[in-house]
Amino acid sequence: GDSVTQMEGPVTLSEEAFLTINCTYTATGYPSLFWYVQYPGEGLQLLLKATKADDKGSNKGFEATYRKETTSFHLEKGSVQVSDSAVYFCALVTGGGNKLTFGTGTQLKVEL
Amino acid sequence: EADIYQTPRYLVIGTGKKITLECSQTMGHDKMYWYQQDPGMELHLIHYSYGVNSTEKGDLSSESTVSRIRTEHFPLTLESARPSHTSQYLCASRGGSGNTIYFGEGSWLTVV
């Protein structure tokens, strides 16, 4: 079946550091890929998405590129802020599937 | 912005009480989902629906039940709440470009 693997957290960075959160997947067919962010006490918000190979999703300084050859969708940001502290979830959806597959989440802590 | 709403946001109830968590979306999505999540932890699918009069149990066994009488409405009911039901419940719907998943803000349930 489909699966998503994320790097374990927590990831602790200093403000203005470079961020990478790894995400790899296995899926039948050609999935759409997503990153969601969850701030404390809130639901999940869509951060960015990519629907086909080599697409780059971007939003709020975050980027991720759909790499079919390595089955990866790593999240990156050039300079993190304290306000980026949250839990980040990688997810996939297959076109014909009715279920969604989420990673286990990676907590990011950004310190001054 | 996602048009998916959950009520109540926060609720404290006594053991044995019946509770219904409401979820509504105005995007016309056929596919809807309920997840259970401990704070910042992975999501567990407990129910999903493909459309009106369609409901299925998810991967995590749950004593809750759901109904889907109208496309826009997907309530979750606990007939007799127990402290083990204390958790956050997230409702989601799927549709639109790239099968994007949209989440409500979550309902925090505490059973005392």
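Quick note: structure is the one above.
The model shown is predicted, which means the values in this text are computed figures rather than measured ones. (Residues numbered from 1 in each chain as written. Chains lettered and ligands numbered in written order. Predicted model: local features only at pLDDT ≥ 70, side-chain atom pairs only at ≥ 80, totals over all residues. Heavy atoms only, no water.)

Visitor: Before we move on, could you go through the layout of surface pockets and cite the residues and values that matter?
Guide: What the second largest pocket holds in volume is close to 210 Å³. If you trace the second largest pocket, you find 13 residues lining it, with L100, T101 and F102 of chain A together with L43 and D59 of chain B closest to the centre. At the level of secondary structure, the elements contributing two or more residues to the lining of the second largest pocket comprise β11 (100–102) of chain A together with β5 (44–51) of chain B. Take the lining of the second largest pocket: its biggest share by element is 3 residues, from β11 of chain A. Partitioning the lining of the second largest pocket into residue classes produces 6 nonpolar, 4 polar and 3 charged. (1 Å grid on protein atoms, 1.4 Å probe; cavity = no way out; pocket = protein on both sides within 12 Å on 5 of 7 lines; lining within 4 Å. Points joined across faces, edges and corners; volume = space filled by probe spheres on them. Helix = DSSP H or I, 4+ residues; strand = E, 2+ residues; numbered from the N terminus. Nonpolar A, V, L, I, M, F, W, Y, C, P; charged D, E, K, R; others polar.)

Visitor: Give a description of the pattern of salt bridges that names residues and reports values.
Guide: Residues and elements named next belong to chain A. If you walk through the whole model with that rule in mind, you get 7 salt bridges over all chains. A salt bridge links K52 to D55, with the nearest nitrogen and oxygen atoms 3.3 Å apart. Residues D84 and K77 are paired through a salt bridge, measuring 2.7 Å at the closest nitrogen-oxygen approach. A single burial state applies to D84 and to K77, both of which are buried. (Salt bridge = Lys/Arg side-chain N within 4 Å of Asp/Glu carboxyl O. Buried < 20%, exposed > 50% of the residue type's maximum accessible area, 1.4 Å probe, protein only.)

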